[in-house]
Amino acid sequence: MSQVKLSHYFKKIDKMKFNLNQLKPNNLDPSNKSLSDTDPSQPQINHLGIDFFDIRIEFTLLTRVEFVNSEATSCYELPSLGAFIRVFNRGRWYFLSTTKVDQLDTELADLIATSYKLPPGDEVFKSPKDSPPFERLIPQGKGFYGISLTQKMQLTKSYLSVFSTVANLKTHRIEYSDTLKKKAYMSSSESFFEYDVSHGGIVLRVVLAEECLVESGDSSGVSSGVTSGVTSGVGGSASGNQVSPSEFASGRQEDRFEDGHYIYASEFVDLANRQAEFIESFKEAQKFIHAPTIIPGKMGVVMSSQVTGVFTHESFGHKSEADLLLVDPDSIKEWEIGKKVGAETLSIVDCGAHEYTSGYCPIDDEGTLAQKSYLIKNGYLVGRLHSQQTAQVFNELPTGNMRSINFEYEPIVRMTSTYIEPGHLTFDELLRKCDTGVYIYNYRQGSGGSTFTIAPHRAYRIENGKLGQPVRISVISGSLFKTLENIEGISNNIVLHSSAFGGCGKGEQAPLSVAMGGPAIYVSQMQVS
């Protein structure tokens, strides 16, 4: 299947002829203009007596390999093939998901017939103009094509040697994941595309633990702990362990730190021979086993490109999705185009055209080509993310952001690669500008909206404008627009972070592959806990 074009399934659609009188119920108003001017003898797809239809076919091959404590626990390939059909007729949308890809003409006819059985709706949608045909197929031998499950298993197994180098190792896990996806699309407005993408990754996860002495006779240590004379969160936010009074009385406790490091690639060969990266990462992780817990308060925060990415995605990207704005009138007022929200150096972009990232989406699921869409430019709100229909409602242009996780779901407005554009400061200049605060290197999770929280993973103190010792932080949080206003420094380099594991969630559709990132940024004041 991976080397076969999906578009051959569309051949029957081109030959479709409908007798609309058989589809219309007897009480249908004959004055309905969407039908009265239609010649049912015409075989062209744009003469089926409806306002609009499109069909998206998808083939997906998922591969997963997993080792837990050096024992293979999963190794499989999971193929799927299906199609999603949309019809807009008489003021309503109709959807159908099917695995009968060799009977698309019949499935489409049934959906059109259904569209005449319900009373008209009040939705408005104009059939979009046809876009130039788009085709991009990965050459044979590139990406993850032609790689056997045995080869993937052997590659994953080669990373087991990393764990023999890790001190204080309690448990460990390796996960390998890759995805090959092919898509083909056609619509009644004569848009067409066919393309494929593939990517993969490996993540190594460890639990590090080390027993340590605590001072006896200090009752405050039961909740805060005292390790090597430094105030410390017992167990920390990573593991959630708490020291009981009996453990404290014994004068010993076990501090833990859960850590992981992953690599991403769009070529299978790029996942090999990267053991040194993992070894170096887990060596640095040792410093966090006994790291002290931050004293909560408001302070300056420098975010790495990865944390900048999740902040931008969670707290800002979702607010720019136009379908969410339509169901929340207050957000439209808050999201007024032309509003000043930050310094002139702040610009935020969403763009699906970045190849070799997990946010690569060269054309969306209704045939709109990827483009660079500014959401904020030079500190001002200038745009939002659109489908064809939301663009028509707002009298704006579609942005290529109509996406679904697979053929079982209708497309909705989603991000692709979302990031802040680079500024003019070096990283060292950014630290000096902060002077005293914290540097958030990476994160566990993030959530957002008008207010947001990010749970950091590794973090460091900033003292006298330089990186200091590791510190444990539960969350950083704040108001979106206040935080945007407080961005006072942006570094001059940009990194887009991709992942073959997980992705973006919205509604019931998760995970969707996206990328996020940007430069490092300095926020003058944030709540750190």
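Everything below is about the structure printed above this text.
Because the structure is a prediction, the values reported are computed rather than measured.

Moving on: the overall build of the chain. The number of helices and strands found in the chain is 14 helices and 28 strands. A buried classification covers 53% of the 529 residues belonging to the chain. Carbon and sulfur atoms form 49% of the exposed surface of the chain, whose accessible area is close to 23,300 Å².

Once that is clear, we can look at the side chain of Arg 414. Note on placement: Arg 414 falls in the loop between strand 15 (412-413) and strand 16 (417-420). We note that Arg 414 is buried and unpaired, the nearest opposite charge coming from Glu 321 at a distance of 4.8 Å. Only 3.0 Å separates the side chain of Arg 414 from the backbone oxygen of Cys 504, close enough to count as a polar contact. Filtering out sequence-adjacent residues up to four positions away, Arg 414 remains in contact with Glu 321, Asn 401, Arg 403, Ile 405, Cys 504, Gly 505, Lys 506, Gln 509 and Leu 512.

Our next topic: the pattern of salt bridges. The tally for this structure, following the rule as stated, stands at 24 salt bridges. The partner of Arg 256 in a salt bridge is Glu 254, and the shortest N-O contact between them spans 3.2 Å. Look at Arg 256 and you get partly exposed, because its relative accessible area is 23%. Looking at Glu 254, the relative accessible area reads 33%, which means it is partly exposed. Here Arg 384 ties to Glu 396 by a salt bridge, and the two come within 2.8 Å at their closest N and O atoms. Of this pair, Arg 384 sits in the loop between strand 13 (380-381) and helix 12 (388-394) while Glu 396 is found in the loop between helix 12 and strand 14 (402-403), placing the two residues twelve residues apart along the sequence. Given the relative accessible area of 9%, Arg 384 is considered buried. Among the charged side chains, a network of salt bridges with common partners joins Arg 56, Glu 58, Lys 181, Lys 183 and Asp 365.

The next thing to look at is the pairing of strand 26 (residues 509-512). In the sheet, strand 25 (residues 504-506) pairs with strand 26 via two bridges, with the strands oriented antiparallel. Following the sheet pairing, Cys 504 is matched in strand 26 by Leu 512. The hairpin formed by strand 25 and strand 26 contains two residues between the paired strands, and Gly 507 there has a positive phi angle of roughly 60°.

Now for the layout of surface pockets. Empty space within the second largest pocket amounts to approximately 960 Å³. Along the wall of the second largest pocket there are 42 residues; nearest its centre are Thr 179, Lys 181, Val 197, His 199 and Ser 513. Across the lining of the second largest pocket, the residue classes tally to 17 nonpolar, 15 polar and ten charged. Looking at which domains feed residues into the lining of the second largest pocket, each of domain 1 (3-204) and domain 3 (297-528) supplies at least three.

Here we come to the pairing of strand 5 (residues 169-187). Among the 19 residues of strand 5, 15 are classified as buried, and the element is accordingly described as predominantly covered. One ladder, built from 15 bridges, connects strand 1 (residues 52-68) with strand 5; its direction is antiparallel. Residue Val 68 lies in a different strand from strand 5, and its bridge partner there is Arg 173.

Parameters and conventions
Residues numbered from 1 in each chain as written. Predicted model: local features only at pLDDT ≥ 70, side-chain atom pairs only at ≥ 80, totals over all residues. Heavy atoms only, no water. Helix = DSSP H or I, 4+ residues; strand = E, 2+ residues; numbered from the N terminus. Buried < 20%, exposed > 50% of the residue type's maximum accessible area, 1.4 Å probe, protein only. Areas by Shrake-Rupley, 256 points an atom, 1.4 Å probe, with all protein chains shown as cover. Lys, Arg positive; Asp, Glu negative; His and termini not counted. Salt bridge = Lys/Arg side-chain N within 4 Å of Asp/Glu carboxyl O. Polar contact = N/O pair within 3.5 Å; in protein donor to acceptor, adjacent residues only side chain to side chain. Contact = heavy atoms within 4.5 Å. Pairing = 2+ DSSP bridges. 1 Å grid on protein atoms, 1.4 Å probe; cavity = no way out; pocket = protein on both sides within 12 Å on 5 of 7 lines; lining within 4 Å. Points joined across faces, edges and corners; volume = space filled by probe spheres on them. Nonpolar A, V, L, I, M, F, W, Y, C, P; charged D, E, K, R; others polar. Domains from an automatic or database assignment.

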